[in-house]
Amino acid sequence: LVYEGASNDEAAWRVDAEELRSTVQCSLVGRFKGQALICGNDFARELLTLDDGRALEYEFPEGSFCHPNGSANERSESWLCGRALSIGGNLLELYCGAGTHTCALSKYFERVVAVEVD
């Protein structure tokens, strides 16, 4: 949840966030100017099932980048792994983000190096 400005009443936000959290059964992060309030976990967890039968579980810390569409990510990782079967050797992945593609592809290469700017 993103708000303009600062939090005027952190305690009230936490009460409302906890009520919403119990209704939708998820964790919440309230982003205010210069502040993040967390209700629940400070990470998102995602399970991706690939065409090769693997189920890969990822945890993304609050504030990190991850693909917003899990099913599209499953399809793209499955497609990449299918192509990697015939390549072999080493893999250098530039701008790897959270490394989800790197983890999925690592099974198909002898050595993997992934680089992200931050």
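What counts and how
- Residues numbered from 1 in each chain as written.
- Predicted model: local features only at pLDDT ≥ 70, side-chain atom pairs only at ≥ 80, totals over all residues.
- Heavy atoms only, no water.
- Salt bridge = Lys/Arg side-chain N within 4 Å of Asp/Glu carboxyl O.
- Helix = DSSP H or I, 4+ residues; strand = E, 2+ residues; numbered from the N terminus.
- Buried < 20%, exposed > 50% of the residue type's maximum accessible area, 1.4 Å probe, protein only.
- Contact = heavy atoms within 4.5 Å.
- Phe/Tyr/Trp six-rings, centres within 6.5 Å; stacked < 30°, edge-to-face > 60°.

K.L.:
I'm lost on the pattern of salt bridges in this one. Help?
P.N.:
When the charged atoms of two side chains lie near each other, side chains of opposite charge can form a pair. Under the definition given, this model contains six salt bridges. Residues Arg-14 and Glu-10 are paired through a salt bridge, measuring 3.2 Å at the closest nitrogen-oxygen approach. Placement of both Arg-14 and Glu-10 in helix H1 (residues 10–24) is noted, with a separation of four residues, approximately one turn of the helix. Arg-54 is the salt-bridge partner of Asp-52, the closest N and O atoms lying 2.9 Å from each other. Judged by its relative accessible area of 32%, Asp-52 is partly exposed. Residues joined by salt bridges that share partners form a network here, namely Arg-45, Glu-57 and Glu-59.

K.L.:
What's the story with the side chain of Asn-73 in this structure? I'm lost.
P.N.:
By the secondary structure assignment, Asn-73 is in helix H2 (residues 70–84). Excluding residues that lie within four positions of it along the chain, Asn-73 makes contacts with Leu-48, His-67, Thr-100 and His-101.

K.L.:
I'm lost on the packing of aromatic side chains in this one. Help?
P.N.:
Two aromatic rings, taken as a pair, are described by how far apart their centres are and by the angle between their planes. Counted under the stated rule, the structure contains three aromatic pairs. Where Tyr-3 meets Phe-32, the ring centres are 4.5 Å apart and the plane angle is 5°; that geometry is what we call stacked. Of this pair, Tyr-3 sits in the segment before H1 while Phe-32 is found in strand S1 (residues 28–32), placing the two residues 29 residues apart along the sequence. Three or more aromatic residues link up through ring pairs in this structure, and these residues are Tyr-3, Trp-13 and Phe-32.

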